[in-house]
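Chains, contacts and geometry: an overview
The chain contents come next:
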Amino acid sequence: DAKTTQPTSMDCAEGRAANLPCNHSTISGNEYVYWYRQIHSQGPQYIIHGLKNNETNEMASLIITEDRKSSTLILPHATLRDTAVYYCIVRLNSGGSNYKLTFGKGTLLTVNP
Amino acid sequence: KAGVTQTPRYLIKTRGQQVTLSCSPISGHRSVSWYQQTPGQGLQFLFEYFSETQRNKGNFPGRFSGRQFSNSRSEMNVSTLELGDSALYLCASSFKGAGEQYFGPGTRLTVT
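A short tour of the structure in this document, coming up. (Residues numbered from 1 in each chain as written. Chains lettered and ligands numbered in written order. Predicted model: local features only at pLDDT ≥ 70, side-chain atom pairs only at ≥ 80, totals over all residues. Heavy atoms only, no water.)

**Section: the state of the cysteines**
Between two cysteines, a covalent bond joining their sulfur atoms is known as a disulfide. Residue and element names in this part refer to chain A. Going by this rule: Cysteine sulfur atoms are paired as a disulfide whenever they come within 2.5 Å of each other. Only runs of H or I of at least four residues qualify as helices and only runs of E of at least two qualify as strands under DSSP, and these elements are numbered from the N terminus. Only protein chains enter the area calculation, which uses a 1.4 Å probe; residues under 20% of their type maximum are buried, those over 50% are exposed, and those in between are partly exposed.
For the structure shown, the criterion picks out 2 disulfides over all chains. In this model C22 forms its disulfide with C88; the gap between the sulfur atoms is 2.1 Å. When the S-S torsion is -80°, as for the bridge of C22 with C88, the disulfide is left-handed. Placement of the pair is C22 in strand β2 (residues 18-23) and C88 in strand β8 (residues 84-92), with a sequence separation of 66 residues. Judged by relative accessible area, C22 falls into the buried class, the value being 1%. No disulfide involves C12; its nearest neighbouring cysteine sulfur is the one of C22, lying 18 Å away.

So, in structure tokens, the structure goes:
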């Protein structure tokens, strides 16, 4: 799996957009970018994933740069419940033996009132 | 649709004992993965099962083992427990292994 680099921590004001960056400069052409988050002492929660196009769902938007070397997860209107550790993971989506998620240290997002 | 369930949620064991943890995946999901989370090492992959076969294994000693049943439910076993095995053990299920995985709440194991 390609290695990812994320800031250790970020702060965001409640109601504002939270933009979480991730660098994955060694990503290969068939690897997807996945985002998960983990609220304290709970299991990680899937957020969104994408290959090259920008993606949006009810939770967040994922912006992937044209060269695919970095991406940004956007939470459009952060709430206190979005305080969590956010993990950016790069992985193949099918085939081979890549049936695992390799978690880094992630970014601790703290949403402040 | 019910989520991933793990039992028990909390467990206290003594060094040298063994423990079995259980995971029930989301209905229709055939892939079950196990992860260990500790403050020092973070989230680490243990193994993954699909249709009762282990397809991938992380870098853990042989004391850690698992299995999957025909109904996709999975168990993991840790023998000869060590203090360092104290951790949150998480189970995740997915339809076929690739794609998004859905995690259970975890089993908090404390070894004394």
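**Looking at the sheet that holds strand β1 (residues 5-7) of chain B**
All names here are of chain B. Basically, it comes down to this: Pairing between two strands is assigned when DSSP locates at least 2 bridges connecting them. The axes are straight lines fitted to the C-alpha atoms, using for helices just the contacting stretch, and the angles between their N-to-C directions are given from 0 to 180°.
One open sheet holds the 4 strands; their spatial order is β1-β3-β8-β7, and the pairing between them is antiparallel. The open sheet has two free edges, formed respectively by β1 and β7 (64-68), since each of these has just one partner strand. The sheet shows a mean angle of 20° between the axes of neighbouring strands, direction not considered. Relative to strand β8 (residues 74-78), β7 is paired through 5 bridges, and the arrangement is antiparallel.

**Here's the deal with the pattern of salt bridges**
All names here are of chain A. What counts, and what does not: Whenever Lys or Arg places a side-chain nitrogen within 4 Å of a carboxyl oxygen from Asp or Glu, that contact is recorded as a salt bridge.
For the coordinates displayed, the defined rule picks out 6 salt bridges over all chains. The closest approach of N and O atoms between R37 and D82, which form a salt bridge, is 2.8 Å. On the criterion of sequence distance, the pair formed by R37 in strand β3 (residues 31-38) and D82 in the loop between β7 (70-75) and β8 is long-range, its members being 45 residues apart. Accessibility classification places R37 together with D82 in one group, the buried group.

**So, the environment of N71 of chain B**
Residues and elements named next belong to chain B. Applicable threshold: The definition of a polar contact used here is a pair of N or O atoms within 3.5 Å, where within protein one atom must be able to donate a hydrogen and the other to accept one, and adjacent residues in sequence count solely through side-chain atom pairs.
Along the chain, N71 turns up in the loop between β7 and β8. N71 sits 41 residues away from T112 along the chain, and the two C-alpha atoms are 34 Å apart. Reaching out from N71, the side chain makes a polar contact with the backbone nitrogen of R73 at a distance of 3.1 Å.

**Structural notes on the interface of chain A and chain B**
Stated precisely, the cut-off is as follows: Any two residues whose heavy atoms approach within 4.5 Å are treated as being in contact. Defined here as a combined quantity, buried area equals the accessible surface (1.4 Å probe) lost by two parts on assembly, summed across both. Residue classes follow a fixed rule: Ala, Val, Leu, Ile, Met, Phe, Trp, Tyr, Cys and Pro count as nonpolar, while Asp, Glu, Lys and Arg count as charged, and any other residue, Gly among them, counts as polar.
Between chain A and chain B, the contact holds 18 residues from the first and 21 residues from the second. At the boundary of chain A with chain B, total buried surface from both sides reaches about 1600 Å², with 54% on carbon and sulfur atoms. Taken together, chain A and chain B are joined by 0 salt bridges. Our enumeration of links across chain A and chain B arrives at 3 residue pairs in polar contact (both at pLDDT 80 or more). Elements with a contribution of two residues or more to the side of chain A that touches chain B: β3, β4 (45-50) and β8 of chain A. Here the side of chain A that touches chain B takes 3 residues from β3 of chain A, the largest share from any one element. Split into classes, the residues belonging to the side of chain A that touches chain B amount to 8 nonpolar, 8 polar and 2 charged.

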